[in-house]
Amino acid sequence: MASPSSDLDRERRKCTFNVAELTDIINGGREKTERRQYLESLVLNEPIFNYDDYYFLSREEKYSDAVKKTVRLVQVLKQHNIEDPEDYQTLLKYVLNLNLPIALHNSMFRPTIRDQGTDEQRKKWLPLANDYKIIGTYAQTELGHGTFIRGLETTSTYDPKREEFVLNTPTLTATKWWPGCLGKTSTHAVVMAQLYIKNQCYGIHSFIIQLRSLKDHSPMPGVTVGDIGNKVGLETNDNGFLAMDNVRIPRENMLMRHAQVYPDGTYRKPANSKLVYGTMVLLRATVVSESATNLSKAATIAIRYSCVRRQTEAKPGELEPQIIDYVTQQHKLVPQLATAYAFAWIARYMMSTYHALHADIESGHLGALQELHGISSGLKAFTAEMSVSGIEVCRRACGGHGFSAASGLVSMYKDRLPSCTYEGENTVLYLQTARFLLKCFRQPSITPSSMSYIQVKPLPGARWGVKSPEDLMKPILLVEAFEHRAQRTIKSAAQFLESQISQGLDTSEAMNRSGIEFVRCAKAHCYYFVTRNFFQSTALLKCSKEIKESLLTLGVVFALNGIADNSGEFLEDCFITGTQMEFVRERILYCYKQLRPNLVGLVDAFAFADQSLNSALGAYDGDVYNRLYNWAKRAPLNKTDVHSSYHKYLKPILKSKI
Ligand SMILES: CC(C)(COP(=O)(O)OP(=O)(O)OC[C@H]1O[C@@H](n2cnc3c(N)ncnc32)[C@H](O)[C@@H]1OP(=O)(O)O)[C@@H](O)C(=O)NCCC(=O)NCCSC(=O)CCCC(=O)O
Ligand SMILES: Cc1cc2nc3c(=O)[nH]c(=O)nc-3n(C[C@H](O)[C@H](O)[C@H](O)COP(=O)(O)OP(=O)(O)OC[C@H]3O[C@@H](n4cnc5c(N)ncnc54)[C@H](O)[C@@H]3O)c2cc1C
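Residues numbered from 1 in each chain as written. Chains lettered and ligands numbered in written order. Predicted model: local features only at pLDDT ≥ 70, side-chain atom pairs only at ≥ 80, totals over all residues.

1. Looking at the overall build of the protein
Across its full length, the protein carries 22 helices and 11 strands. Taken over the C-alpha trace, the protein has a radius of gyration of 27 Å; the compact-globule value for 658 residues is 26 Å, and the two agree within 12%. Taken along the three principal axes of its C-alpha coordinates, the protein extends 90 × 80 × 65 Å. When the 658 residues of the protein are sorted by exposure, 45% land in the buried category. Long-range pairs, those at least 24 residues apart, make up 76% of the contacts in the protein with a sequence separation of at least 6. (Helix = DSSP H or I, 4+ residues; strand = E, 2+ residues; numbered from the N terminus. Rg over C-alpha atoms; globule rule 2.2 N^0.38 Å. Buried ≥ 20, exposed ≤ 12 C-beta atoms within 10 Å, placed from the backbone. Contact = placed C-beta atoms within 7 Å.)

2. Some thoughts on the nonpolar core
A general tendency of soluble globular proteins is for nonpolar side chains to be buried together. In terms of nonpolar packing, the biggest core is built from 170 residues, with Ala299, Ala302, Ile303, Leu337, Ile346 and Ala434 touching the most fellow members. For this core, the element with the most residues is helix α8 (residues 278-308), which contributes 17 residues. Sequence-distant contacts of Ala434, defined by excluding residues within four places in its chain, comprise Ala493, Phe518, Val519, Cys521 and Ala522. (Core = buried A, V, L, I, M, F, W, Y, C linked by C-beta atoms within 7 Å.)

3. So, the confidence of the model for the protein
Mean pLDDT over the protein: 95, with 99% of residues reaching 70 or higher. Taken over the whole predicted complex, pTM reads 0.97, whereas the ipTM for its chain interfaces reads 0.99. (pLDDT = per-residue confidence, 0-100.)

4. Structural notes on the site of ligand 2
Near ligand 2, the surroundings consist of 22 residues, among which Gln140, Thr141, Gly146, Thr147 and Thr427 are the closest. Listed by contribution, the elements that provide at least two residues to the shell around ligand 2 are β1 (136-139) and α12 (426-442). By residue number, the principal contributor to the shell around ligand 2 is α12, which donates 3 residues. Grouping the amino acids of the shell around ligand 2 by side-chain chemistry returns 10 nonpolar, 10 polar and 2 charged. (Near = placed C-beta within 6 Å. Nonpolar A, V, L, I, M, F, W, Y, C, P; charged D, E, K, R; others polar.)

5. A few points about the UniProt feature "domain: Acyl-CoA oxidase C-terminal" (unreviewed entry) in the protein
When the UniProt feature table is mapped to this numbering, "domain: Acyl-CoA oxidase C-terminal" (unreviewed entry) covers residues 477-655. Taken end to end, residues 477-655 comprises 75% helix and 0% strand; its first and last C-alpha atoms sit 75 Å apart. (UniProt positions renumbered as here; feature names shortened; annotations may be inferred.)

6. Some remarks on the domain arrangement of the protein
The domain architecture assigned to the protein consists of domain 1 (134-270) and domain 2 (444-599). Distance from the C-alpha centre of domain 1 to the C-alpha centre of domain 2: 43 Å. (Domains from an automatic or database assignment.)

7. Some points on helix α18 (residues 578-595)
End to end, α18 covers 26 Å across 18 residues, agreeing with the expected 26 Å (1.5 Å per residue, within 8%). Each element contacted by the buried residues of α18 is listed here: α9 (327-362), α16 (545-565) and α19 (599-604). (Expected span 1.5 Å × (residues − 1).)

8. Structural notes on the site of ligand 1
Around ligand 1 sit 26 residues in total, of which Lys274, Tyr277, His373, Tyr422 and Gly424 are the nearest. Of all elements in the fold, only α6 (103-116), α8, α10 (367-397) and α12 reach the threshold of two or more residues within the shell around ligand 1. By residue number, the principal contributor to the shell around ligand 1 is α12, which donates 4 residues. Of the residues assigned to the shell around ligand 1, the class counts are 12 nonpolar, 10 polar and 4 charged.

9. Some thoughts on the environment of Cys398
Take Cys398: it is sitting in the loop between α10 and α11 (409-416). With 25 C-beta atoms counted inside 10 Å, the residue Cys398 sits in the buried group. Sequence separation of Cys398 and Arg310 is 88 residues, and the distance between their C-alpha atoms is 11 Å.

10. Considering α9
Relative to the 52 Å expected for 36 residues at 1.5 Å per residue, α9 spans 51 Å between its end C-alpha atoms, a close match to the ideal helical length. Positive backbone phi, approximately 100 degrees, marks Gly364, located one or two places after α9.

11. Here we look at the packing of α9 against α10
At a minimum axis separation of 9 Å, α9 and α10 run at an interaxial angle of 160 degrees. As the angle between them shows, α9 and α10 are arranged roughly antiparallel. Of the two possible hands of crossing, α9 and α10 adopt the one that is left-handed. For the contact of α9 with α10, the per-class residue count stands at 16 nonpolar, 8 polar and 3 charged. (Axes fitted to C-alpha atoms, helices over the stretch in contact; angles between N-to-C directions. Parallel < 35°, antiparallel > 145°, perpendicular 65-115°, else oblique. Left-handed = near helix turned anticlockwise from the far one by under 90°.)

12. Details of the sheet that holds strand β8 (residues 240-244)
One open sheet accounts for 3 strands, arranged β4-β8-β7; its pairing is antiparallel. If you trace the sheet from one side to the other, it starts and ends with β4 (176-177) and β7 (223-227), each paired once. Where β7 and β8 come together, 5 bridges link them in antiparallel fashion. Looking across to β8, one finds that Asp227 is bridged to Gly240. (Pairing = 2+ DSSP bridges.)

Structure representation (structure tokens):
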């Protein structure tokens, strides 16, 4: 058997480009790489951040271990004056391999105060939160409602006499349920509740509540709080429940940047009722980035392993091939790698668009709200869905060892699975994007320039300009195919909706009946958007010819697999012919061959530390079998040669006389 490490060495020698150059491109420049390396050095050298035995821990031990690591992380951040949220994101992405029990504090609690708090509220709460003197979460979802926010039942009733709000959970279904870090960790929460003043309901607003004593962490009077129990993955996170029995908070605890309640109970409504949903939009943009990172990790593990793993003697007496050389294996993994790259670039686009449009909104241009919501909803759903299914493809591609916790892929899959549900269930979000697409289709004046393609009506009888398999290396033709599909499905969704209305259905019923068409066009739009963005962005890069070529080929793989996997949609109106479809399949194989020597280089370029992959299959040195064996030997069941259950149960039957 060949040595696994020599297999990876050989792969690395075959790579046609400079891996460090590509790492810099992925990170966004040399400076960012250096910053990342600095941050890594702070954390990776600390034994406390070792995850070797993590997969053996029980749920409770995992939570406790995560709290310990979190506290140390906070100390490290303070010690080195690291305050930039980008640095924190870098640590989460590349170094730490767990969902922190303070995740919501940084991802939602602080941003909500920042965006929805007045200057005085920011001044009061942010220093406490930034210094971790309080730990907060975002409590919106209830037992009875997650999607339909307007249907939340928690009430916040203003008492002008005492200038206080009274927070109450009037029914079982009003119990807050699911918020991350709520059960055991958080001391405070932003709670979303229906605002009542003098028996009139003004809809959902946000309020800061103290959940636990800052002296001994016990629940505050009137607060019932706890963990909701085991779920799929996210074992380090204490997703919780919360019921409030007429809990009083000062008037100043309603976040009043957009809507105000004056001491006498006068209400001033926000400029736009959706401003209160702002933090969710930020989180959706973040999910795009997390989806990219996790799929990159999964591809790293599965591709390195597939270069080390050998199986099935192809010719008698010859070395068994590396499993990566089976085209069926390439057809599993190369599309995941291509998707990871495409997502890395759309994540960058999403975050910069978020910051640009968010700044517009802050300066009062509220028109940007719907654009940001329209773009981020679909991209969150699209990237979460493809990333989660891609991680599972990678896991299965590792055969039996992919089933072991030591692969790192089992926990990754379980931890990412909820990204299809939280922060807006995927179907619900696709429907929101579809609404925006249809609005743009009808109203050119509101269509942002990034979506101006919607205004171009697809010509009936349009045909794809591809004449040969070589033409499929031309981004312009690939983008054209996705653009056509998106335009056609948007138009067809609009026509479907109109046909339902013309049959006499009211708008909501017509919208419901059009739902499948809506989701179809939102997905088509997202595929187009991601493909176009990848080709446009990588074309602008200043880098070596070899890197450019590899990125172009990855883009072609992403696009061609998108066409092959959704072939019906392209064949339906004869835009693509059967012969062109054959070209597509042929070119996919060609691209796999082109990329083959560079596969390890392309995953090495993500530069994940072994610790952050925490995988016996995907470590840099490829020493798979020793790692699996040593890991298994440390399993708690192997602590003694004879297990206590032998004495308790087995021995009596083994020793009994027949
Ligand atoms: C589905 C909707 C969007 C519907 O909202 P609604 O108020 O009932 O809307 P509607 O009256 O039907 O009107 C729709 C209209 O409202 C607009 N809209 C909706 N949301 C936004 C927004 N954020 N920005 C700007 N505009 C927004 C839509 O575009 C619609 O506009 P239109 O009527 O088409 O012009 C909403 O309820 C929603 O966002 N639901 C999803 C709930 C969700 O995302 N929860 C997240 C909880 S926190 C979490 O999960 C954290 C996990 C993190 C972790 O663990 O890491
Ligand atoms: C791990 C995890 C962490 C979470 N963290 C938080 C948190 O920190 N804070 C917080 O407040 N919440 C949190 N949540 C809650 C989460 O945001 C909601 O679960 C999510 O928004 C989905 O809402 P739901 O559970 O009500 O699903 P439902 O809406 O009940 O969805 C069930 C099904 O109904 C369909 N459906 C619902 N409405 C429609 C519609 N209008 N049109 C078509 N189909 C529809 C959906 O597509 C889905 O198939 C978390 C959830 C999970 C799983």
